[in-house]
Amino acid sequence: MPRVSDEHLERRRQQILDAARVCFVRKGFHQTSMQDVFTESGLSAGAVYRYFKGKDELVIALASTAAGDIRARMSEVIYRDPLPTPAELVAHMTAWLDTQSGPEGRLRLAPQAWSLALIDKQAAEPVLRTMTGIRAIWRDYAERMRDQGWLGADADLDAVAVALFGILPGYVLQSLLIGDLDRDEYIRGIDTLFPYGPPHRPGPAEPAAELSE
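A. Representation of the overall build of the protein chain within the structure. Across its full length, the protein chain carries 10 helices and 0 strands. When the helices and strands of the protein chain are listed from N to C terminus, the series reads α-α-α-α-α-α-α-α-α-α. When each of the 213 residues of the protein chain is scored for burial, the buried share is 45%. Across the protein chain, the fraction of contacts at a sequence separation of at least 24, relative to all contacts at a separation of at least 6, is 66%. A total accessible area of about 11600 Å² is found for the protein chain, and carbon and sulfur atoms account for 53% of it. Taking the average location of the 24 positive side-chain charges in the protein chain and that of its 30 negative ones, the two points are 7 Å from each other.

B. Inspection of the confidence of the model for the protein chain at higher detail. When the pLDDT values of the protein chain are averaged, the result is 86; 90% of them are 70 or greater. For the protein chain, per-element mean pLDDT is lowest for helix α6 (residues 110-119), which scores 83, and highest for helix α8 (residues 157-165), which scores 97. Ignoring residues within four places in sequence, the model shows residues 203-213, a span with pLDDT below 50, making 17 contacts including any to other chains.

C. View of the nonpolar core. One finds Trp 138 and Tyr 141 to be the most contacted residues of the largest nonpolar core, which totals 38 residues. Counting only elements with at least two residues in this core, the list comes to α4 (55-78), α5 (86-99), α7 (121-148), α8, α9 (167-178) and α10 (183-193). Excluding its chain neighbours within four sequence positions, the residues that come into contact with Tyr 141 are Ile 78, Leu 83, Pro 84, Thr 85, Pro 86, Leu 89, Trp 150 and Leu 164. Within the second largest apolar cluster, 24 residues are counted, among which are Ala 20, Leu 116, Ala 117 and Ala 123.

D. Spatial organisation of the side chain of Ser 41. Of note, Ser 41 is situated in helix α2 (residues 34-41). Among the polar contacts made by the side chain of Ser 41, one reaches the main-chain carbonyl oxygen of Val 37 at a distance of 2.9 Å. Discounting chain neighbours no more than four positions away, the residues touching Ser 41 are Gln 15, Ala 19 and Val 48.

Calculation criteria
- Residues numbered from 1 in each chain as written.
- Predicted model: local features only at pLDDT ≥ 70, side-chain atom pairs only at ≥ 80, totals over all residues.
- Heavy atoms only, no water.
- Helix = DSSP H or I, 4+ residues; strand = E, 2+ residues; numbered from the N terminus.
- Buried < 20%, exposed > 50% of the residue type's maximum accessible area, 1.4 Å probe, protein only.
- Contact = heavy atoms within 4.5 Å.
- Areas by Shrake-Rupley, 256 points an atom, 1.4 Å probe, with all protein chains shown as cover.
- Lys, Arg positive; Asp, Glu negative; His and termini not counted.
- Charge placed at Lys NZ, Arg CZ, Asp CG, Glu CD.
- pLDDT = per-residue confidence, 0-100.
- Core = buried A, V, L, I, M, F, W, Y, C linked by side-chain atoms within 4.5 Å.
- Polar contact = N/O pair within 3.5 Å; in protein donor to acceptor, adjacent residues only side chain to side chain.

In structure tokens form, the structure reads like this:
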């Protein structure tokens, strides 16, 4: 019997995740059954359970993948020269977040993963890992801000990272739950709080395209 390639296994895993995302967004996490996922994916129960034991693992995997993409994009931006201002960094990240928060976007599942992590220790582990990884990137950014002279030489960089961490989840929650959030207004607020360099005014053509490749 021929050995199944790693590439085939990864394609099958992604097929299941894509189906789960569609089901969760369409019906909600609690109203979605594993049978819904089987049907949407076109795979048997055995094939799906080979990769995921249940819905909890599916939603955590989806949220973790999105968080991993956030980390990659943040890392690419904060190490640019010259150092992007906080408003420029937030402009780049929110442009990408908007592409992931639509009717079938992965980030719509993030609040469900966060709430699940509060009550399920196994689910909490990957969520904690991705969150602390993102906070570490903010800490690197704070260090570069200090080196740029935007923060005092004695600034508590860990405290700065903890505070900055809330900027992107705050954008996601306001976008998903309140629904009236204006991206340009949000960026103007960041510009006002962190007035480093010239004011940043994102135009309509400054999206996530360069970051999504």
